[in-house]
Each structure stands twice: as structure tokens, then as C-alpha cells.
Amino acid sequence: MLIGVPKEIKNHEYRVGLTPASVRELTAHGHQVLVQNDAGTAIDLTDAQYVAAGAEMVATAAEIFARAEMIVKVKEPQPVECAMLRPGQILYTYLHLAPDPEQTKALVKSGAICIAYETITGAGGGLPLLAPMSEVAGRMAVQAGATYLEKAHGGRGLLLGGVPGVQPGHVAIIGAGVVGTNALQMAVGLGARVTVLDKNVDRLRQLDLVFGNRISTIYSTASAIEEAVLDADLVVGGVLVPGAAAPKLVTRAHVARMKKGAVLVDVAIDQGGCFETSHATTHAEPVYMVDGVVHYCVANMPGAVARTSTFALNNATIGHALALAEKGWKQALKDNPHLLHGLNVCQGQVTYEAVAHDLGYEFVDPAGLLG
């Protein structure tokens with residue numbers, strides 16, 4: 001198969017779809033890989049390294065989209081990229097379609113086979129292609145929150161860990177999944193007072209066994225969320241409904257009553273955000289204020305640590321990329337029901353139920369398209 005890797009063009013996005021090591025895996029199996037010039041240069045993955053791995057370097061994204069049978073990216077295609085997709089071409093990347101009707105419309109129009117990293121499931125449960133970026137984003141959420149609590153950045157002027165004789169800051173983490181667990185590891189490590197809320201009591205029990213009295217675990221209800229948010233200096237939103245728009249768990253009324261200079265970090269922003277006052281921001285302008293509360297809602301948080309993120313992502317994505325290249329998309333999806341869950345849009349049809357429901361499309365069972 002002829003596989004193409006264009007340079008990412010989203011604001012401050014320096015990750016790349018395939019590392020040289022991943023390219024070598026594909027070329028060793030007889031596949032051809034096109035990589036756009038300087039696709040990985042910003043994270044010290046040079047064109048020479050790609051050539052040594054067997055890639056052909058190409059000057060423009062347009063040539064890659066025109067020639068490649070499968071496009072491997074990191075972030076969702078931007079409008080100019082959607083316009084270059086063609087019927088029958090495979091797109092393998094993060095999509096996050098539920099809160100993005102314009103992208104969904106463009107992908108439906110393209111006729112391409114669009115496989116989303118974030119809805120591919122794993123044999124042991126969970127979302128293994130989303131997990132590495134959730135790990136990065138969860139850890140970054142506390143790092144970013146600590147920075148924006150500084151007075152110079154609009155925050156309360158508070159050191160999360162406190163010092164002897166001074167109370168530490170309070171971090172409330174909504175959601176005890178991959179994002180929440182990584183956020184609480186960082187928050188505990190900094191010495192903050194940590195509350196984690198979730199509806200899964202078994203998960204809370206596991207965290208209690210690991211962290212003991214260093215954290216408070218609370219069953220998530222509207223009342224519990226309100227109490228935690230109003231007391232918190234930093235709130236991390238890490239709630240996920242796979243493929244669907246995130247529920248709005250922190251309301252505008254909550255934000256109006258929060259401590260002035262507190263910080264909200266919405267890691268669920270790719271799926272529309274779990275705070276009512278959230279809207280997507282970029283690394284160029286990461287924060288804004290609502291009622292004196294700092295909102296950090298960067299939609300590609302892991303892009304800030306792009307080298308770490310690229311290698312972590314490739315560890316998770318290369319196996320399925322190789323299967324798609326070896327077998328073709330129909331056979332690869334027939335053979336692997338977990339990969340089939342990644343099919344969101346196919347040949348003009350919406351094939352992921354949560355996306356169809358949230359955006360008003362007719363849901364088409366993807367199994368029926370495999371022939």
C-alpha cells in the first residue's frame with residue numbers, strides 16, 4: 001500500500017503521524033511511505049532519518065493526498081485537507097467528530113474511509129489509541145493549572161503544594177479514567193490536596209488502595225461536583241463518553257461562584273468540553289477568563305510536548321496501520337472488531353452511532369459495508 005504522512009497544519013501542532021521507526025516497520029513489509037518535507041523537523045525527526053527508514057520525501061501535502069491510498073495523521077483534517085480527500089482513500093487519525101458538524105459534513109462528502117483513533121477499542125476494554133494522549137494531557141493539566149494559578153498569569157497567586165505552615169492548593173478532578181488518574185498522580189506529587197470524583201465506585205476503590213489518605217474519593221453527583229468545584233483552586237475535567245459529546249458537568253452558575261483566580265482545565269474539550277463555559281483554545285492563546293476564573297481549554301494539549309506525544313502515539317497506532325496496509329481496510333476491519341469500532345465515516349455514511357446521534361445523521365452499521 002502507498003501510505004502518506006502530511007505535515008500537521010493545526011495551530012502549534014508539531015506531532016507527526018509516523019516516526020522514522022514506524023516508517024521502517026511499514027517499508028520492511030513492502031509498503032511505500034510518502035512523508036512531506038519537514039513533517040517532523042520541529043521535534044528533531046529529520047528528513048534524512050525518514051529517508052534512511054525508506055520513505056520518499058514529498059514537497060507538498062497536495063501531492064501526498066493525491067497519491068496515497070492511506071493518509072496517516074495526528075489531528076483531525078483541517079478544511080483544506082478534507083477537500084483533498086477522495087472516495088475510497090483511508091484516513092487514519094484522531095477525528096473527534098461529535099462536536100464538529102463541519103468536519104463531519106466534509107468527511108461524508110469526501111467518500112473516504114475515516115478511522116478515528118479515539119474510538120478504537122482494546123481487548124481488555126478501554127481506548128488504547130486514546131490512552132497515551134490522555135496520559136500526556138492528564139499530566140499536563142496539572143502542570144498547566146499550576147502555571148496559570150500564578151498571579152502573573154491571572155491566577156490566585158497560589159502554589160499548589162503550599163509550603164510548611166501554609167495550606168496547599170485544592171485540586172478537584174472530575175473523572176477517574178486515564179486523564180484523571182494521571183492528573184491526580186501529578187497533583188499528589190506536587191503536594192496538593194486532591195479530590196477525585198467518579199461514578200465508578202470500583203475505580204474509586206482502586207485509587208483509594210493506591211493513594212490512601214493522600215486523596216479524597218467522592219462518588220460523582222451534581223451536589224458533590226458543585227461542592228468540590230466551589231472549594232477548588234484548580235479543577236481538571238477529564239470525563240469521556242466514547243465518541244460522543246462530553247456532558248456539561250460544571251455549569252455557568254458554578255463558575256460564577258468559584259474562587260476568583262481559580263483555574264479550570266478542560267481536557268474533554270476535543271469532545272466539546274465538560275464545562276458549560278468552555279470553548280476550544282490554542283497554544284498561541286491558551287486561556288481566557290469567565291467571571292474571574294481562568295479557563296485553559298487547548299484542544300491539542302499533547303502538541304505542546306510533541307516529541308514525547310509522537311512516540312507515545314506511534315506505539316499505539318502502528319499495529320493497526322500495518323494491519324490496514326497489509327490487508328486493506330475491509331479485511332482488516334472484518335478481522336478485528338476493535339478496529340471496526342474506529343470506523344466513524346465510510347463512503348459517505350456515518351458509521352459510529354454516537355456521532356450519528358449527536359449530529360442528526362442516519363446511523364449505518366459499519367459491518368454492513370464490509371462486503
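For the structure given in this document, a descriptive report is provided here. (Residues numbered from 1 in each chain as written. Predicted model: local features only at pLDDT ≥ 70, side-chain atom pairs only at ≥ 80, totals over all residues. Heavy atoms only, no water.)

### So, unusual backbone geometry
Here is step 1: Not every positive phi belongs to a glycine, and His96 is a case in point at roughly 50°.
Here is step 2: For His96, the location among the structural elements is in the loop between strand 5 (90–93) and helix 5 (101–110).
Here is step 3: His96 gets classed as buried once you look at its relative accessible area, which sits at 7%.
Here is step 4: At Gln347, a residue that is not glycine, the phi angle is positive and equals roughly 50°.
Here is step 5: Tracing the backbone shows Gln347 in the loop between strand 14 (343–346) and strand 15 (349–350). (Helix = DSSP H or I, 4+ residues; strand = E, 2+ residues; numbered from the N terminus. Buried < 20%, exposed > 50% of the residue type's maximum accessible area, 1.4 Å probe, protein only.)

### Things to note about the sheet that holds strand 2 (residues 32–36)
Here is step 1: Taken together, the 8 strands give an open sheet; going across it, the order is 3-2-1-4-5-6-14-15, and neighbouring strands pair in mixed fashion. Since the sheet does not close on itself, it has two edges, and those belong to strand 3 (56–58) and strand 15, each with one partner.
Here is step 2: Pairing of strand 1 (residues 2–5) with strand 4 (residues 70–72), which is carried by 2 bridges, proceeds in the parallel orientation. Looking at the pairing, Ile3 lines up with Met70 of strand 4. (Pairing = 2+ DSSP bridges.)

### Focus on a nonpolar patch on the surface
Here is step 1: On the surface, Leu159, Val163 and Val166 cluster together into a nonpolar patch covering about 280 Å² of accessible area.
Here is step 2: As for its placement among the helices and strands, Val166 is situated in the loop between helix 6 (131–148) and strand 7 (170–174).
Here is step 3: With relative accessibility at 49%, the residue Val166 sits in the partly exposed group. (Patch = residues over 30% accessible without salt bridge, like charges linked within 9 Å, V, L, I, M, F, W, Y side chains within 5 Å. Areas by Shrake-Rupley, 256 points an atom, 1.4 Å probe, with all protein chains shown as cover. Salt bridge = Lys/Arg side-chain N within 4 Å of Asp/Glu carboxyl O.)

### Some details on the side chain of Thr181
Here is step 1: Among the secondary structure elements, Thr181 is positioned in helix 7 (residues 178–190).
Here is step 2: A distance of 3.4 Å separates the side chain of Thr181 from the backbone oxygen of Ala176, its partner in a polar contact.
Here is step 3: Those residues in contact with Thr181 that lie beyond four places of it in its chain are Ala176, Arg203 and Leu207. (Polar contact = N/O pair within 3.5 Å; in protein donor to acceptor, adjacent residues only side chain to side chain. Contact = heavy atoms within 4.5 Å.)

### Describing the nonpolar core
Here is step 1: Counting residues in each nonpolar core, the largest one holds 78 residues, and the members touching the most others are Leu18, Tyr92, Ile115, Leu184, Met301, Leu324 and Leu333.
Here is step 2: Examining the composition of this core, we find that 8 residues originate from one element, helix 6, more than from any other.
Here is step 3: Setting aside residues no more than four positions away along its own chain, Ile115 makes contact with Ile90, Leu91, Tyr92, Thr93, Leu95, Ile120, Leu324, Leu333, Leu339, Gly342 and Leu343. (Core = buried A, V, L, I, M, F, W, Y, C linked by side-chain atoms within 4.5 Å.)

### Some thoughts on the packing of helix 7 against helix 8 (residues 201–211)
Here is step 1: Contact pair helix 7 / helix 8: the axes reach a minimum separation of 13 Å and the direction vectors enclose 25°. When the axis of helix 7 is compared with that of helix 8, the two are roughly parallel. As helix 7 runs across helix 8, the sense of the crossing is right-handed. Residues Thr181, Leu184, Gln185 and Val188 of helix 7 lie in contact with helix 8, whose contacting residues are Arg203, Leu207 and Phe211.
Here is step 2: Considering only residue class, the contact of helix 7 with helix 8 consists of 4 nonpolar, 2 polar and 1 charged. (Axes fitted to C-alpha atoms, helices over the stretch in contact; angles between N-to-C directions. Parallel < 35°, antiparallel > 145°, perpendicular 65-115°, else oblique. Left-handed = near helix turned anticlockwise from the far one by under 90°. Nonpolar A, V, L, I, M, F, W, Y, C, P; charged D, E, K, R; others polar.)

### Some thoughts on the environment of Val267
Here is step 1: By the secondary structure assignment, Val267 is in the loop between strand 11 (263–266) and strand 12 (287–290).
Here is step 2: The spatial distance from the C-alpha of Val267 to the C-alpha of Met140 is 9.5 Å, given a sequence separation of 127 residues.
Here is step 3: Each residue touching Val267, except ones within four places of it in the same chain, is listed here: Ala137, Ala141, Val179, Val236, Gly237 and Met301.

### Structural notes on the sheet that holds strand 12
Here is step 1: Pairing is mixed in the open sheet, where 7 strands are placed in the order 9-8-7-10-11-13-12. At either end of the open sheet lies a strand with only one pairing partner, and these are strand 9 (215–219) and strand 12. For this sheet, the mean angle separating the axes of adjacent strands, direction not counted, is 20°.

### Side note on the packing of aromatic side chains
Here is step 1: Inspection of the entire model under this criterion finds 3 aromatic pairs.
Here is step 2: Ring geometry for Tyr92 versus Tyr117: centroids 4.7 Å apart, planes at 85°, classification edge-to-face. Of this pair, Tyr92 sits in strand 5 while Tyr117 sits in the loop between strand 6 (113–116) and helix 6; the two residues are 25 residues apart in sequence, bridging distant segments of the chain. Take Tyr92 and Tyr117: they sit in the same class, and that class is buried.
Here is step 3: Residues Tyr94 and Tyr117 carry aromatic rings whose centres are separated by 4.9 Å and whose planes lie at 80° to one another, so their mutual orientation is edge-to-face. Highlighted residues: Tyr94 in the loop between strand 5 and helix 5 and Tyr117 in the loop between strand 6 and helix 6, separated in sequence by 23 residues.
Here is step 4: Residue class for Tyr94 comes out buried when judged on its relative accessible area of 3%. (Phe/Tyr/Trp six-rings, centres within 6.5 Å; stacked < 30°, edge-to-face > 60°.)

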